[in-house]
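Fold and contact review
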Amino acid sequence: MEIKKSILKAYPFYLHEVREVTHRVSYAKTRDGTELAIKKIPKDSEEIHQWIFAYQQARSNRLQGFMPVYTTPKGEPFTQDQDHFYYVMPWIHEIEENEAPLKKMLQAVARIHKGTQAESDSEIDESIHHLIQNEHERVKQEEPQWEKIVSYYEQKHYISPNGFLLLMNYPLLMESRKSLDYWYDQWERDEEEHDHLRTVLCHGNLRLSHFKISQKRSYLFSWEKSQMAVPIYDLLRLLRHLFLEHDLSMEQVISAFEAYESIFPLSKREKYLLGYHLSQPFWFTKQYLTERKYSQYSSLSQTRKIQRRVRQLSNSIAFQSYLKSKLSEQTEASS
């Protein structure tokens, strides 16, 4: 912690206490009682450039919800030593009774997306289109391999726990595959008449753990993965993470998504893109094929990993059903 104390000499603080909270975040308290959070970023990563970009976007667009940082007397938002960059933020104490944190976080994200939106150029549109085409082709190429694996387990007298999971959830995988075709067809149909996609400032690593609510305001922090991207980039990463949870409330997820759209509505094209990526069975197939390749027998930890991917796939299909119904309502209302 001596390094942290020397680092803070770049700021007009007189420290009373410094302690490590995680390997990258430390808590500090000054003699006058001001509480600080110190974040360090390795110099051998690109994260400082991404964080500075987000910081500049927040300042130029006067974004609400971006965690404020203290600047040095020279006006710099960070300082450094030989190995790391450091920036200093207020230490936020969350309110004890925090209702609907997911909803509040997505409202904050929507305001940031709205405040930084810009029309993407044709090059970005084309790269996304090629990406979807390549991914769709890869899924088609994987299908024969899956059929062989299923056939292999169906003929076994003894089925391992992982093999049993595959047979039990193969209909789920096929449902996801069918949904993938649906979203792909919708995207292709819309391709002929679409406007350019929008890009926004994306956080890049949305988690509830990166969101704090105080008595007066709410803040998003840890912007080291930020970039300008299509808005579903943030939503997709968050939803995929949430869909792994065993105690997920789909009702709360849908409520939070609707709160996001009340501030920053997604276009049909953006919803097609979101649905397509959510229906990708790649995360489940990658998990299963990796475990099957490197282990002859099913361990408890391997089985649990696959169970989490099954849960993710199931929750994803449930959310897509909601998304399809909203798109149907939207189409009927406009016709």
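Note: the structure precedes this text.
Read on for an overview of the structure. (Residues numbered from 1 in each chain as written. Predicted model: local features only at pLDDT ≥ 70, side-chain atom pairs only at ≥ 80, totals over all residues. Heavy atoms only, no water.)

Here we take up the environment of Met174. Its location among the elements puts Met174 in helix α5 (residues 161-191). Judged by its relative accessible area of 30%, Met174 falls in the partly exposed class. Residues Met174 and Pro281 lie 107 residues apart in sequence; the distance between their C-alpha atoms is 8.9 Å. (Helix = DSSP H or I, 4+ residues; strand = E, 2+ residues; numbered from the N terminus. Buried < 20%, exposed > 50% of the residue type's maximum accessible area, 1.4 Å probe, protein only.)

For the rest of this paragraph, the subject is the nonpolar core. Grouped together as the largest cluster of nonpolar side chains are 70 residues, with contacts concentrated most on Trp51, Leu220, Val253, Leu274 and Phe319. With seven residues, the top contributor of residues to this core is helix α3 (residues 101-116). The contacts of Trp51, once residues within four sequence positions are left out, are Ile41, Phe66, Val69, Pro77, Phe78, Tyr87, Trp223, Glu224 and Ser226. (Core = buried A, V, L, I, M, F, W, Y, C linked by side-chain atoms within 4.5 Å. Contact = heavy atoms within 4.5 Å.)

To continue, consider unusual backbone geometry. Its identity as a non-glycine residue notwithstanding, Arg62 has a phi of 50 degrees, on the positive side. Tracing the backbone shows Arg62 in the loop between α2 (47-60) and β4 (79-80). With a phi angle near 60 degrees, Ser222 is a residue other than glycine that sits in the positive phi range. Relative to the helices and strands, Ser222 is located in the loop between β9 (218-220) and β10 (227-229).

For the pair α3 and helix α6 (residues 232-242), the least separation of the axes is 12 Å and the interaxial angle reads 165 degrees. On the basis of the axis angle, α3 is roughly antiparallel to α6. Where α3 crosses over α6, the two elements pack in a sense that is right-handed. Between α3 and α6, the contacting residues are Leu102, Met105, Leu106, Val109 and His113 on the first element and Asp234, Leu235, Leu238 and Leu242 on the second. Taken together, the residues of the contact of α3 with α6 sort by class into seven nonpolar, one polar and one charged. (Axes fitted to C-alpha atoms, helices over the stretch in contact; angles between N-to-C directions. Parallel < 35°, antiparallel > 145°, perpendicular 65-115°, else oblique. Left-handed = near helix turned anticlockwise from the far one by under 90°. Nonpolar A, V, L, I, M, F, W, Y, C, P; charged D, E, K, R; others polar.)

Spatial ordering of the open sheet is given by β6-β7-β10, a layout of three strands whose pairing is antiparallel. Bordering the open sheet on either side are β6 (118-119) and β10, each of which pairs with just one other strand. Pairing between β6 and strand β7 (residues 198-202): two bridges, direction antiparallel. Among the inter-strand pairings, Glu119 is bridged to a residue of β7, identified as Arg198. (Pairing = 2+ DSSP bridges.)

Let us look at the pattern of salt bridges. With the rule as written, the count across this model stands at nine salt bridges. Ionic pairing is found between Arg19 and Glu17, a salt bridge with its closest N-O pair at 3.2 Å. Judged by its relative accessible area of 40%, Arg19 falls in the partly exposed class. Residues Glu270 and Arg198 are paired through a salt bridge, measuring 2.6 Å at the closest nitrogen-oxygen approach. Note that Glu270 is positioned in helix α8 (residues 268-278) and Arg198 in strand β7, a separation of 72 residues in sequence. (Salt bridge = Lys/Arg side-chain N within 4 Å of Asp/Glu carboxyl O.)

Along the chain, Ile232 falls in helix α6. Residue classification places Ile232 among the buried positions, given a relative accessible area of 4%. Taking C-alpha positions, Ile232 is 22 Å from Arg62, a pair spaced 170 residues apart along the chain. Discounting chain neighbours no more than four positions away, the residues touching Ile232 are Leu266, Glu270, Leu273, Leu274 and His277.

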